[in-house]
Amino acid sequence: MRNKVIAGNWKMNHSPIDTRNFFGKFNDLVKENNHEIILCVPYIDVAAALESTENTNIKIGTQNLNHEVAGALTGDVSVKMLEDIGIKYSVIGHSERRQYHNETDDFVNLKIKAAFDHDIVPILCVGETLYERELGIAKEKIIIQIRKDLEGLPANFARKIIIAYEPIWAIGTGKTASKEDANEACKLIREEIRKMYGNDVAEEVRVLYGGSVKPTNAQELFGMSDIDGGLVGGASLEPDSFAQIANFDKFSMNIGEMI
Ligand code: PGA
């Protein structure tokens, strides 16, 4: 049974003070939670986030990394620097970085390998644009991204990767893929992993859905056979809404108890 992953992506939001306030409330709301809860925060918030979540069940990740260990790369943060301060997760290949920072699949592939070499689990994002979906080539796009992004990655690393299927038309738009469509895409990703790495790895890899996940749709999405949790943007910014998403299964129990 795969443990669910509930990951937040704050993008370019929240200062270190906001970060301390967030965890000041959030930690208590999820202290009984057994899922893998990860908050991917801006670099400037990492220190405050690590400090605020010490001795809790909450993990801190980043939203990007540079695959080089050090060098003349103004403004970048290296994989080694993140390893040294105890970061264990990073989003890699988010569509916003692919779109606004021209990150290619080759570059994403380098980052994934570097992350594993430095004991950081990548949360790899893949997904199609609305144009590609309307053209009927969404599946091909996803398969090409998986093949290129994981090229040459050994199975012992591949089994630990977290992959987020994020249809670009659903990110920050309030439009969510239907639970059936989201599940079908997550299944497609798992089948591709099966072809590349075999059954054991495919059954171990966690595949998340991302794109306008909210407290009101988390339960139906995360209840699907191939969706192992979510990557949450906007709804991860407030402790209450992100806790409701992380506690999606407890919520149903409470309703059940009330009836
Ligand atoms: P959203 O973002 O939940 O605000 O749609 C998801 C993401 O970009 O990871």
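Above this text sits the structure in question.
Anyway, here's the lowdown on the structure attached to this text. (Residues numbered from 1 in each chain as written. Predicted model: local features only at pLDDT ≥ 70, side-chain atom pairs only at ≥ 80, totals over all residues. Heavy atoms only, no water.)

1. Description of the layout of surface pockets
- There is about 450 Å³ of room inside the largest pocket.
- Lys 11, Gln 63, Asn 64, Arg 97 and His 101 are, among the 19 residues lining the largest pocket, the residues nearest its centre.
- Per-element accounting of the lining of the largest pocket gives the leading share, three residues, to helix H4 (residues 95-100).
- Taken together, the residues of the lining of the largest pocket break down into eight nonpolar, seven polar and four charged. (1 Å grid on protein atoms, 1.4 Å probe; cavity = no way out; pocket = protein on both sides within 12 Å on 5 of 7 lines; lining within 4 Å. Points joined across faces, edges and corners; volume = space filled by probe spheres on them. Helix = DSSP H or I, 4+ residues; strand = E, 2+ residues; numbered from the N terminus. Nonpolar A, V, L, I, M, F, W, Y, C, P; charged D, E, K, R; others polar.)

2. Here we look at the site of the ligand
- The full set close to the ligand counts 13 residues, and Lys 11, His 94, Glu 166, Gly 172 and Ser 212 are the nearest of them.
- The contact in question runs from an oxygen atom of the ligand to an N or O atom on the backbone of Gly 172, over 2.6 Å.
- Protein coverage of the free-state accessible area of the ligand, which is 280 Å², stands at 95%.
- Here the residues of the shell around the ligand sort into four nonpolar, seven polar and two charged. (Near = heavy atom within 4 Å. Polar contact = N/O pair within 3.5 Å; in protein donor to acceptor, adjacent residues only side chain to side chain. Areas by Shrake-Rupley, 256 points an atom, 1.4 Å probe, with all protein chains shown as cover.)

3. So, the nonpolar core
- Grouped together as the largest cluster of nonpolar side chains are 65 residues, with contacts concentrated most on Phe 26, Leu 39 and Ile 193.
- Residues within four places of Ile 193 in sequence aside, it is in contact with Ile 146, Leu 150, Ile 163, Gly 198, Val 201, Ala 202 and Val 205.
- Among the nonpolar cores identified, the runner-up in size contains 13 residues, and Ile 38, Cys 40, Tyr 89 and Leu 208 belong to it. (Core = buried A, V, L, I, M, F, W, Y, C linked by side-chain atoms within 4.5 Å. Buried < 20%, exposed > 50% of the residue type's maximum accessible area, 1.4 Å probe, protein only. Contact = heavy atoms within 4.5 Å.)

4. Considering the sheet that holds strand E1 (residues 5-9)
- Reading around the circumference, E1-E2-E3-E4-E5-E6-E7-E8 is the order of the eight strands in this closed barrel, with parallel pairing throughout. Neighbour to neighbour, the strand axes of the sheet diverge by 25 degrees on average, direction disregarded.
- Pairing geometry for strand E7 (residues 206-210) and strand E8 (residues 229-232), over two bridges, is parallel. Across the sheet, Tyr 209 pairs through a bridge with Gly 230, a residue of E8.
- Packing against the sheet, helix H5 (residues 105-117) makes contact with strand E4 (89-92) and strand E5 (121-126), and its axis sits at approximately 160 degrees to E5. (Pairing = 2+ DSSP bridges. Axes fitted to C-alpha atoms, helices over the stretch in contact; angles between N-to-C directions.)

5. Section: the pairing of E7
- Counting buried positions over the five residues of E7 gives five, a clear majority of the element.
- Side chains of E7 alternate between two faces, with Arg 206, Leu 208 and Gly 210 and Val 207 and Tyr 209 buried alike.
- Bridge analysis of strand E6 (residues 162-165) against E7 gives four bridges, and the strand direction is parallel. Bridge pairing links Ile 163 to Val 207 in E7.

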